[in-house]
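Per-entry structural report
Below are the chains, spelled out letter by letter.
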Amino acid sequence: MTNENPAPAEAAAPAFPGIAAAIHAALPGVPMTARETSTDVDIRVAPGDLPAVVEALKDREELAFDYLRNMVGLDMQEAGLEVKYHFYSFKHGHSLQVTVPTPPGNPHVPSLTPYYPAANWHEREAAEMVGLVFDGHPNLKNLLLEEDLRIHPLLKAHPLQAIEIVQGIEEGKPGFEF
Amino acid sequence: MSIWPEEHVATAHHGEGFDTVDMTINVGPQHPATHGVFRMVLTVDGEMVVDCEPYIGYLHRGLEKLSEANDYRQAMGYWDRTDYLAGLVCEQAYCMAVEKMGNIEVPERAEYIRVIMSELSRINSHFMFLGAFGADVGSFGTSFIYAWRERERIYDLLEEVAGDRMFPTYVRPGGVAMDLPENFEARCRWVLSSVYQGLEDLDGLLTGNEIFVERCSGLSPVSPETAIKWGLTGPMIRATGLPWDIRKAEPYSIYDRIKFEIPTGKQGDVLDRFIVRLAEMYQSAKIIEQCLDQIPGGLVLNPKLPRNLRIDNGECYVRVEGTKGEYGVYGLARGGNKAYRMKLRSPSFCNLSALREMVVGNYVADAIIILGSLDIVLGEVDK
């Protein structure tokens, strides 16, 4: 699927597979864990460390992740909200997933818009969909939802509602189960 | 006596200190030039755009929530409604994500069929762009009808194979729904020959038209660095001269066995975006021809799959080269027959986020053309 180098075969499960080893070497002071998903290497860092990590990812010659391709906001229920960033390097052709878990009740993550302007709309979408707050974002308005709507539909606690009930045309219990 | 206050009257001899007032123009959401339900608010100083704010979400259908609420096969029907001009590419991406998470094998013949169908959809979608873009620039009707002739033939072919024109729900996790019809190869080659003819006609009509070329060349050039910074992908980034195509950079399916070129532009202006898409259609036709030569026999659907597909644990970010750019599907499975989270990285969404940067500083009439050259599909932007 990807053309990144597979992890060397001598160790069964290295602590830092593939590109994660270089990132760990570049940022010795930052606590992080790494694993592999089906398509990418994934590193996990705390929200406070994100700016330092992203600066290193972007500016280091051997990493050179110049392209933020995707961003996902997730509701991990009792574990709090999570953000996942997908980076790609046009120079080296490798890709990376960065997971940033936030503690329950404190969904604040530093905004990546100063580093990657492409993050602008991705962050607005994640903010409205799961209720993440991106500190430092220039314009954190609703993007896909109505401007004054203050719901976060992709939270697991948010029920799937019949549109007639949302619009107030019909009375009913909010939400239904498939 | 003038009805205007003295200082706001424009006269020939005091143009210097003449202050202008910015005006706000609302374009859309119901407007033929916005290619769907899209609204942008332009602030103009005379004829120049000084600010642009896009508003999207009119077509938001909650794709991601529905993918969590329905099981893997049920949710599939929603995904070809994203990029509705090339639904089969989206189906392929979604099914690849499910297959990655569940480690499902796909028969080789099914991979070839998927590529053939995807490339047919790509040609179809680009024809739509050529026709609509010609209409944006001013050749109203002619280019549209020229493009439609070939589109109908491709849609007929898709219907023969999959049973539906636009939303066939033909690709399945583990393969495709049914095998190709008997006379498919001959029919497909005939459609391709007519595609070549249609491309030549459109090429002559638009690229051979000096007014069209004058209108589009040099308009809103984008450098490769800016394109990367803003996350532009697909024909948009190839127009800047960067030969980046996911089919080559991170090959998936059987694209590593196919020979094709990546057409690129020079300066990333509107004309380059047009020419890159035109050249890509020839490449897609070449890919289909090679697939028809190479396609093996055998099954088209993995027979070992259970009726109720359950995936214990899996995470992936699958990306394919959609017709508009990088079409990515992030999937997370945590047991059960439904995905825990599916996220669409839609190329139109990311390309559109750079609209303001491209439009500001141009004329209002050019803003419409620049928007047209992005080739957005609102189903994909709004999810």
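Residues numbered from 1 in each chain as written. Chains lettered and ligands numbered in written order. Predicted model: local features only at pLDDT ≥ 70, side-chain atom pairs only at ≥ 80, totals over all residues. Heavy atoms only, no water.

**Concerning the confidence of the model for chain B**
Residues and elements named next belong to chain B. Counted only if it meets this: Looking at any residue, its pLDDT shows the predictor's confidence there, from 0 to 100. Any pair of residues with heavy atoms lying within 4.5 Å of one another is described as a contacting pair.
Chain-level pLDDT for chain B is 86 on average; 95% of the residues reach the 70-or-more range. When the criterion is pLDDT under 50, residues 9-14 qualifies, and its contacts beyond four places in sequence or with other chains add up to four contacts. Our summary of model confidence lists the complex with pTM equal to 0.86 and ipTM equal to 0.84.

**Remarks on the interface of chain A and chain B**
How we decide: Buried area: the accessible surface (1.4 Å probe) lost by two parts on joining, summed over both. Each reported salt bridge corresponds to a side-chain nitrogen of Lys or Arg within 4 Å of a carboxyl oxygen of Asp or Glu. N or O atoms closer than or at 3.5 Å make up a polar contact, with two conditions inside protein: a donor-capable atom paired with an acceptor-capable one, and, for residues adjacent in sequence, both atoms drawn from side chains. Secondary structure elements are taken from DSSP: a helix is a run of H or I of four residues or more, a strand is a run of E of two residues or more, and numbering for both begins at the N terminus. Gly counts as polar in this scheme, as do all residues outside two lists: the nonpolar Ala, Val, Leu, Ile, Met, Phe, Trp, Tyr, Cys and Pro, and the charged Asp, Glu, Lys and Arg.
Listed per partner, the contact involves 44 residues of chain A and 47 residues of chain B. Both sides together, the interface formed by chain A and chain B hides about 4,100 Å², and carbon and sulfur atoms give 58% of it. Here chain A is connected to chain B by nine salt bridges. Between Lys343(B) and Glu125(A) there is a salt bridge, and its shortest N-O distance comes to 3.7 Å. Where chain A packs against chain B, one counts 25 residue pairs in polar contact (both at pLDDT 80 or more). Elements with a contribution of two residues or more to the side of chain A that touches chain B: β3 (67-75), β4 (81-88), β5 (95-101) and α3 (119-130) of chain A. It is β3(A) that contributes the most residues to the side of chain A that touches chain B, eight residues altogether. Of the residues contributing to the side of chain A that touches chain B, the split by class is 20 nonpolar, 14 polar and ten charged.

**Examining the sheet that holds strand β8 (residues 314-321) of chain B**
All names here are of chain B. Inclusion rule: Two strands pair under a simple rule: DSSP has to find at least two bridges between them. To obtain each axis, a line is fitted to C-alpha atoms, and for helices this fit is confined to the stretch in contact; angles are then taken between N-to-C directions over 0 to 180 degrees.
The strand order β8-β9-β10 describes an open sheet built from three strands, whose pairing is antiparallel. Edge positions in the sheet fall to β8 and β10 (341-345), since each has one partner strand and no second. This sheet shows a mean twist of 10° between the axes of neighbouring strands, independent of strand direction. Two elements, β8 and strand β9 (residues 326-333), share eight bridges in a ladder whose sense is antiparallel. Counterpart to glutamate 321 in the pairing with β9 is glutamate 326.

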